[in-house]
Amino acid sequence: MDMLQQMNKAMNYIEENLTGEIDFKEVAKIALCSEYHFKRMFSFLAGVTLSEYIRRRRLSLAAFDLRQENAKVIDVAVKYGYHSPDSFARAFQQLHGVSPSEVRKDLPFLKAYPPMTFQLTIEGGKEMNYRIVEKESFRIVGLYKRVPIKFHGVNLEIASMWKSLDPEKIIQLKELSNVEPLGLISASTNFSEERMEEKGELDHYIGVATTNSCPDRFDELEISASTWAVFEAVGPFPDTLQNVWARIYSEWFPTSHYEQVEGPELLWNESKDIDSPKFKSEIWIPVKKK
């Protein structure tokens, strides 16, 4: 609960500085967490990136200003951080569907984005199974590809990675696996900022966690010693997994004493019966104590 209160204080700071420069280090300081964690928490809870929210709020306020008879487009553009009328006009048109000069003339419908606040909604005592794991440095060894971000349906790029794993490669990888999570895993990192808007790309690995050297035929991702929050998801894939992902950010992080740190997110799951109500997955997220 305290974390949501601090996030709301940070949101108040953002609101008070929409016509000036927003110091994201100050935002994180007010929220009592790292800048990285605040931006990730915001995007998961709000469904848009922090930068996109700020852009929408500024252009929403700009529309109100342009309704005033004496407001000049150039003055409003500068007020909300645009260095030229052209860049402001393009952004305004994209959001509102009309140009700034048409606002007073045609009195069109405009889009309003009110200030955002966060609150914790208690829906019932649904348990979450998790554990905290301390791990020394290790590496992910396997296949690598930069792939588009896709939440729903089949990610064709990732599917093609799995198809390229012939039995020989699988055997070789499993022989390398010697640290948790054991067996084949997926690792995602270096997300585009627009992750929660299902835009951009990420680095995706399919392989094993190991302290062994990487054979020439595979790629590797070095991972520093870290603390990991490991969440269990039991149920049909992928609906159960997506539900647990949502609860991690909307319920666990706001009420825990941990915050996410930069690093790959790991996924381990059983290799059969994905439609079974007992199908088991684990989500590994690098964290640190606040």
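Scroll up a little and you will see the structure.
Residues numbered from 1 in each chain as written. Predicted model: local features only at pLDDT ≥ 70, side-chain atom pairs only at ≥ 80, totals over all residues. Heavy atoms only, no water.

S.K.: Residues and numbers for the layout of surface pockets, please.
M.R.: With a probe scaled to a water molecule rolled over the atoms, the places where space remains empty come into view. Considered as a void within the structure, the largest pocket measures approximately 1500 Å³ in volume. Secondary structure elements with two or more residues in the lining of the largest pocket: α8 (156-163), α9 (167-176), β3 (185-189), β4 (201-210), α10 (239-255) and β8 (265-269). By residue number, the principal contributor to the lining of the largest pocket is β8, which donates five residues. Split by residue class, the lining of the largest pocket holds 27 nonpolar, 10 polar and six charged. (1 Å grid on protein atoms, 1.4 Å probe; cavity = no way out; pocket = protein on both sides within 12 Å on 5 of 7 lines; lining within 4 Å. Points joined across faces, edges and corners; volume = space filled by probe spheres on them. Helix = DSSP H or I, 4+ residues; strand = E, 2+ residues; numbered from the N terminus. Nonpolar A, V, L, I, M, F, W, Y, C, P; charged D, E, K, R; others polar.)

S.K.: Explain the environment of Arg-56 residue by residue, including any values.
M.R.: With respect to the element layout, Arg-56 can be found in helix α4 (residues 50-66). Residue class for Arg-56 comes out partly exposed when judged on its relative accessible area of 22%. (Buried < 20%, exposed > 50% of the residue type's maximum accessible area, 1.4 Å probe, protein only.)

S.K.: Can you lay out empty space enclosed by the protein for me, pointing to particular residues and giving the numbers?
M.R.: Following the criterion strictly, the structure yields one cavity of 30 Å³ or more and no others. For the largest cavity, the calculated volume is near 30 Å³. Lining the largest cavity, in full, are Ala-233, Val-234, Gly-235, Pro-236, Phe-237, Thr-240, Leu-241, Phe-279 and Ser-281. Only β6 (226-234) and α10 provide two or more residues apiece to the lining of the largest cavity. Residues of the lining of the largest cavity, tallied by class, amount to six nonpolar, three polar and no charged.

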